[in-house]
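# Chain and residue survey
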Amino acid sequence: MGEIHVMREGYLPPKQPPRRHLISIGDLEREDVERLLATAKSFSRSLEREVKKLPTLRGRTVVNVFYESSTRTSSSFELAAKRLSADTMSIKAAGSSVDKGESLKDTALTLGAYDPDVIVIRHPQIGAPELVARYTDAHVVNAGDGKHQHPTQALLDLYTIQDELGRIEGVHVAIVGDVLHSRVARSNVQALALMGAKVTLVGPPPLIPRGIEAMGCEVSHEIGAIADADVVYVLRMQRERMAEGANYVPSLREYTERWGVTPERVRPGQKVMHPGPMNRGVEIDPRVADASEALIEAQVRAGLVVRMAVLYDLLTTGPVPVEAPEPLEVA
Amino acid sequence: MLYGKNGRKDDLVVCGARVLDPVEGVDAVLDVRVDKGVIACIGEGLDANGHRVVEGAGLVLAPAFVDPHVHLRVPGGEDEETIASGTEAAAAGGYCAILAMPNTDPVVDSAAVLGSLIEDAKTQAQVPVGFLAAITRGQDGAELTEMAELADQGAAGFTDDGRPVVAPALMRRALQYHGITGRRLALHCEEPTLSKGGQMHESAVSAELGFTGYPSVAESLMVERDLSLAAYEEAPLHLLHLSARESVDALRAAQAKGVQATAEVTPHHLCLTDDAVRSLDSNVKMNPPLRSADDRAALVEGLRDGTIGSVATDHAPHARHEKEVPFEAAPFGVTGLETAFGALYTHLVDPGLIPLETLLERMSAGPARAYGLEPPRVAAGAQANLVLLDTEAAWRVEEKGFRSRSANSWLLGQTLRGQVRLTVAAGKVVHG
């Protein structure tokens, strides 16, 4: 039989009205990323001053809602908002009405009733930020949704690479480890591809999702593939996501033996990154983590200025356009 | 095996419609007169005899549809659907008969539960309903139900739909026991260790979105196993809601070897691919999941060539609050009774992927035969089971238009071509 035709435009469901959110790296064009990184750079200079607080977002309200534990992301969003003089409110799932079984929709409606300017949300389920965006008028920033996206992490990683290597285009980044369970990996592959970097994913076959090459990366199952990279990006072995008996790898010991990033496997001059928190001795050897080539603290510092830039961009210059996902297309 | 409200049998004349019955081999502009619920005569220039006259010019009159796969949600899920609301939805969708699945609370696994459903259907069902009973008690996959007693009580067939019969030996016993009941075994094919945690088809899309994949091999492996067992036991079976090319290929090969296997496919698997999940809309989350463009092409081809003989909606109503959650937390399933014809006319017939005659056969005689029911016919002397279709009318699918108690449709907001104008079920006008 013949080819199946593309479903006609008229039959697609209505697109959501465009509004400025940062839910996925897919919401951004290259020029948006360039503007965000430049804004972050200017904030990094302002933070060198003695008085670090800027009046830019005075009178604005940023609500942080965290349904998953987080240290660096929640603290850096909160500090970013405060550095820009916004009012902040932080809600954690534990001890809130979420414990009483309140649905995400109702929590969104409740928070929306305070008219916040931005809601920053981390949630264990894919699609939670879209849901919040649907039920509130606030700008929504995704601080991690399940295994889907963590766009501000990818932006801070781009910032760190640009700062260290002076460029992103043409840089070769090897991302090593548990790609399957990693929203950081997905956002970074998308962001690095958008900016013209070369990405190689390295890890055991069960932890590399089938079909991921379509995102614009290469895949290798041999740790030797990191040798050519300018940057070795080490992912956390997400033990809390490893279902009992799932057998993604036979043991952490075997993982470390074959895919751990050790001094012997890192070439002099290669930069090493890790989104944290690290399992020292599992995916990364402590000698690598503490070496001068490691950019791990630089990443944390970048997190603050990049999140300042994201909040600033959403509330002032914009737009960070929301591309409604391309739904219901039959290829 | 079908139960509904008795009573009124209508008189009616449909004038000047294109009468299209692929089984009877009729395709001509004719009048059809129904006397007391029975098709009395078919011809030109018929006398109305004082009956209600329905103008059929420009419309298609066909045998009404049979849906072999509906979740009426009773007992236990009356907030989502009831026999009354589900059969009203069926009437609006052009159906003259539907089969209800037993994965309710409690499960339809005893003559007592089945008997009470049959009694309710006799007072509430707008269109006749057949009830399938479970293959295993509580659908736990451990012990067979008392199938012979259930068949005597009126079960239309047996299925653990929603779950596979995991143990091969138990599946084999069920096939052996089938000889006693004579009612069809309908199988939900899913290898649960391969589909565990799966949210969508395993593909480049799931890799990008981060969802745990539910690979097509989880279905086709079980299809191949069940076909092997059916061949060995020389017993017939019906495969529910196929989604993968490999499943269609295995079925076609088994049929060629003489295995008595029938199968069904849903409108959403025929119209959509896994790309739709990029919307993160919980109304495109179903089990089995939407698969690749290649799988979709295989399903369309299987339906066209008859390997897959039935369209089944797998109408699965869910309460609004259950679907208004992140995709990962949402239950599987979408509604379909009221949109099936419009969706398939728009996405398959209109673009030329399958002929209208084929679609009409797969929505009516195909599913009826799969379960040993009398196929609806446009023929003198037959009980009137008719649907009058407007293939030109465009209509917008909106929540407020649904007769179903639930509105978890993947078609909300879309404009469809092809509308049901009139449904006659068991001799009674139930819609239009």
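Every chain's residues receive numbers from 1 upward, in the order its sequence appears when written. Written order decides the labels, with chains lettered from A and ligands numbered from 1. In keeping with the model being predicted, local features are shown solely for residues with a pLDDT of at least 70 and side-chain atom pairs are shown and tallied solely at 80 or more, while totals for entire chains, interfaces and linings include all residues.

### What about the overall build of chain A?
The number of helices and strands found in chain A is nine helices and nine strands. Partly exposed residues are those whose C-beta has more than 12 but fewer than 20 other C-beta atoms within 10 Å; with 20 or more the residue is buried, with 12 or fewer it is exposed, and the C-beta atoms are placed from the backbone. Relative to its 331 residues, chain A shows a buried fraction of 47%. To qualify as a helix, a DSSP run of H or I must reach at least 4 residues; to qualify as a strand, a run of E must reach at least 2; elements of each kind are numbered from the N terminus.

### Considering the overall build of chain B
Across its full length, chain B holds 14 helices and 18 strands. On C-alpha atoms alone, chain B measures out to a radius of gyration of 21 Å, which is about the 22 Å that the 2.2 N^0.38 rule sets for 432 residues. Taken along its principal axes, the extent of the C-alpha atoms in chain B is 65 × 45 × 45 Å. Whether two residues are in contact depends on their C-beta atoms, placed from the backbone: they are in contact if these lie within 7 Å. Of the contacts formed within chain B by residues at least 6 apart in sequence, a portion of 77% connects residues at least 24 apart. Atoms counted for the radius of gyration: C-alpha only. Globule rule: 2.2 Å times residue count to the power 0.38.

### Considering unusual backbone geometry
With an omega of -10°, the peptide bond between A:G276 and A:P277 qualifies as cis. Secondary-structure assignment places A:P277 in the loop between β9 (271-273) and α8 (286-289). One non-glycine residue, B:K36, lies in positive phi territory at about 45°. Residue B:Q139 is not a glycine yet carries a positive backbone phi of 50°. With respect to the helices, strands and loops of the structure, B:Q139 is situated in the loop between β8 (129-133) and α3 (147-153). In this structure B:Q139 comes out as buried when scored by C-beta crowding, with 22 C-beta atoms within 10 Å.

### Some details on the sheet that holds β9(A)
All names here are of chain A. Between any two strands, at least two bridges found by DSSP are needed for them to pair. Read across the open sheet, the five strands follow the order β7-β6-β5-β8-β9; overall the sheet is parallel. Two strands in the sheet have a free side with no partner beyond their single neighbour: β7 (218-220) and β9. Averaged over all adjacent pairs, the angle separating strand axes in this sheet is 25°, with direction ignored. With three bridges connecting them, strand β8 (residues 231-234) and β9 associate as parallel partners. Looking across to β9, one finds that V231 is bridged to K271. For helices, the fitted line uses only the C-alpha atoms of the stretch in contact; every axis is such a line through C-alpha atoms, and the angle between N-to-C directions lies from 0 to 180 degrees.

### Observations regarding helix α1 (residues 30-46) of chain A
Residue and element names in this part refer to chain A. An expected span of 1.5 Å times one less than the residue number is assigned to each helix. Between its terminal C-alpha atoms α1 stretches 25 Å, which fits the 24 Å expected from 17 residues at 1.5 Å a residue. Of the residues making up α1, those classed as buried are V33, L36, L37, A40 and F43. The buried side chains of α1 occupy one side of the element, clustering within an arc of 120° when seen end-on. Exposed and oriented more than 90 degrees from the buried face of α1 are E31, A38 and R45. It is the directions from the helix axis to the C-beta atoms that the arc portrays.

### Let's talk about the domain arrangement of chain A
Interface size is commonly expressed as the accessible area that is lost once the parts come together. Residues and elements named next belong to chain A. Here chain A is partitioned into domain 1 (16-149 + 301-317) and domain 2 (151-299). Where a domain begins and ends is set by an automatic assignment or by a domain database. The C-alpha-based centres of domain 1 and domain 2 are spaced at 25 Å. Tallying the contact residues gives 24 residues for domain 1 and 22 residues for domain 2. Contributions of two or more residues to the side of domain 1 that touches domain 2 are made by α1, β4 (139-145) and α9 (296-317). Counting residues per element, the side of domain 1 that touches domain 2 draws most heavily on α9, at six residues. Classifying every residue of the side of domain 1 that touches domain 2 by side-chain character gives eleven nonpolar, eight polar and five charged. Three residue categories are used. Nonpolar comprises Ala, Val, Leu, Ile, Met, Phe, Trp, Tyr, Cys and Pro, charged comprises Asp, Glu, Lys and Arg, and polar comprises the others, including Gly.

### Let's talk about the nonpolar core
Each nonpolar core consists of buried Ala, Val, Leu, Ile, Met, Phe, Trp, Tyr and Cys residues. Their C-beta atoms, within 7 Å, join them into a set. Grouped together as the largest cluster of nonpolar side chains are 146 residues, with contacts concentrated most on B:L61, B:Y95, B:V127, B:F131, B:L132, B:L239 and B:L388. Apart from the residues within four sequence positions on either side, B:L132 is in contact with B:L99, B:A100, B:M101, B:P102, B:A155, B:A156, B:G157, B:F158, B:T159 and B:A186. With 93 residues, the next largest nonpolar core counts A:F66, A:L111, A:A133 and A:L304 among its residues.

### Re the sheet that holds strand β2 (residues 87-92) of chain A
All names here are of chain A. A sheet is described by the order of its strands in space; here four strands give the open sequence β2-β1-β3-β4, paired in parallel fashion. Of all the strands in the sheet, the pair left with one neighbour each is β2 and β4. Across this sheet, the average inter-strand angle for adjacent strands is 15°, counted without regard to direction. Of the strand pairs in this sheet, strand β3 (residues 118-123) and β4 are connected by five bridges, and their pairing is parallel. Of the residues in β4, the one forming a bridge with H123 is D145. In the packing of helix α4 (residues 128-135) onto the sheet, the strands contacted are β3 and β4, and the crossing angle to β4 comes to about 165°.

### Let's talk about the pairing of β3(A)
All names here are of chain A. In terms of burial, β3 is largely enclosed, as six of its six residues are buried. Here β3 shows two buried faces, one formed by V118, V120 and R122 and the other by I119, I121 and H123. Bridge count for strand β1 (residues 61-66) against β3 is five bridges, and the pairing is parallel. By the bridge assignment for β3, V62 is matched with V118. The crossover handedness rule: strands pointing away from the viewer, path from first strand over the helix to second strand clockwise, crossover right-handed. Between β3 and its parallel partner β4, the chain crosses via α4, and the hand of that crossover is right-handed.

### Concerning the interface of chain B and chain A
On the side of chain A, 36 residues touch chain B, which itself brings 40 residues to the contact. Going through the elements one at a time, α6 (204-209), α10 (293-305) and α12 (340-349) of chain B are the ones with two or more residues in the side of chain B that touches chain A. It is α10(B) that contributes the most residues to the side of chain B that touches chain A, six residues altogether. Taken together, the residues of the side of chain B that touches chain A sort by class into 18 nonpolar, twelve polar and ten charged.

### A short note on the confidence of the model for chain A
Low pLDDT means the predicted coordinates in that region are not meant to be read closely. Residue and element names in this part refer to chain A. A residue's pLDDT is simply how confident the predictor is in it, with values from 0 to 100. Looking at chain A, pLDDT values average 88 and 87% of them are 70 or higher. Confidence drops under pLDDT 50 across residues 1-18; counting only partners more than four residues distant or on other chains, this segment forms 35 contacts. Here residues 318-331 is a poorly scored stretch, pLDDT under 50, and it has 52 contacts once near neighbours within four places are set aside; other chains count.

### A closer look at the environment of B:D47
Residues and elements named next belong to chain B. Relative to the helices and strands, D47 resides in the loop between β3 (38-43) and β4 (52-55). Take D47: there are 10 C-beta atoms within 10 Å of it, and that puts it in the exposed class. D47 sits 16 residues away from D31 along the chain, and the two C-alpha atoms are 9.3 Å apart.

### A few points about the packing of α1(A) against helix α5 (residues 151-165) of chain A
Residue and element names in this part refer to chain A. Packing of α1 against α5 leaves a shortest axis separation of 10 Å and a crossing angle of 70°. What the angle tells us is that α1 and α5 run roughly perpendicular. In this structure, α1 crosses over α5, and the sense of that crossing is right-handed. Note on element contacts: α5 touches α1 through L155, L158, Y159 and Q162, opposite V33, L36, L37 and A40. Across the contact of α1 with α5, the residue classes break down as seven nonpolar, one polar and no charged. Throughout, the term roughly parallel applies to angles under 35 degrees, roughly antiparallel to angles over 145, roughly perpendicular to angles from 65 to 115, and oblique to all others. A clockwise turn of the near helix away from the far one marks a right-handed crossing, whereas an anticlockwise turn of less than a right angle marks a left-handed crossing.

### So, the environment of A:E169
With respect to the secondary-structure elements, A:E169 resides in the loop between α5 and β5 (172-176). In this structure, A:E169 is in contact with A:M195, A:G196 and A:A197, ignoring residues within four places of it in sequence.

### Notes on the pairing of β2(A)
Two faces make up the sheet, and in a regular strand the side chains alternate between them. Residues and elements named next belong to chain A. With six bridges joining them, β1 and β2 adopt parallel strand pairing. Residue pairing in the sheet places T61 in a bridge with D87 of β2. Of the crossover connections in this fold, the one passing from β1 over helix α2 (residues 72-83) to the parallel β2 is right-handed.

### Remarks on the environment of B:S110
Position of B:S110 relative to the elements: it lies in the loop between β7 (95-100) and α2 (111-124). Between the C-alpha atom of B:S110 and that of B:T145, which follows or precedes it by 35 residues, the distance is 7.2 Å.

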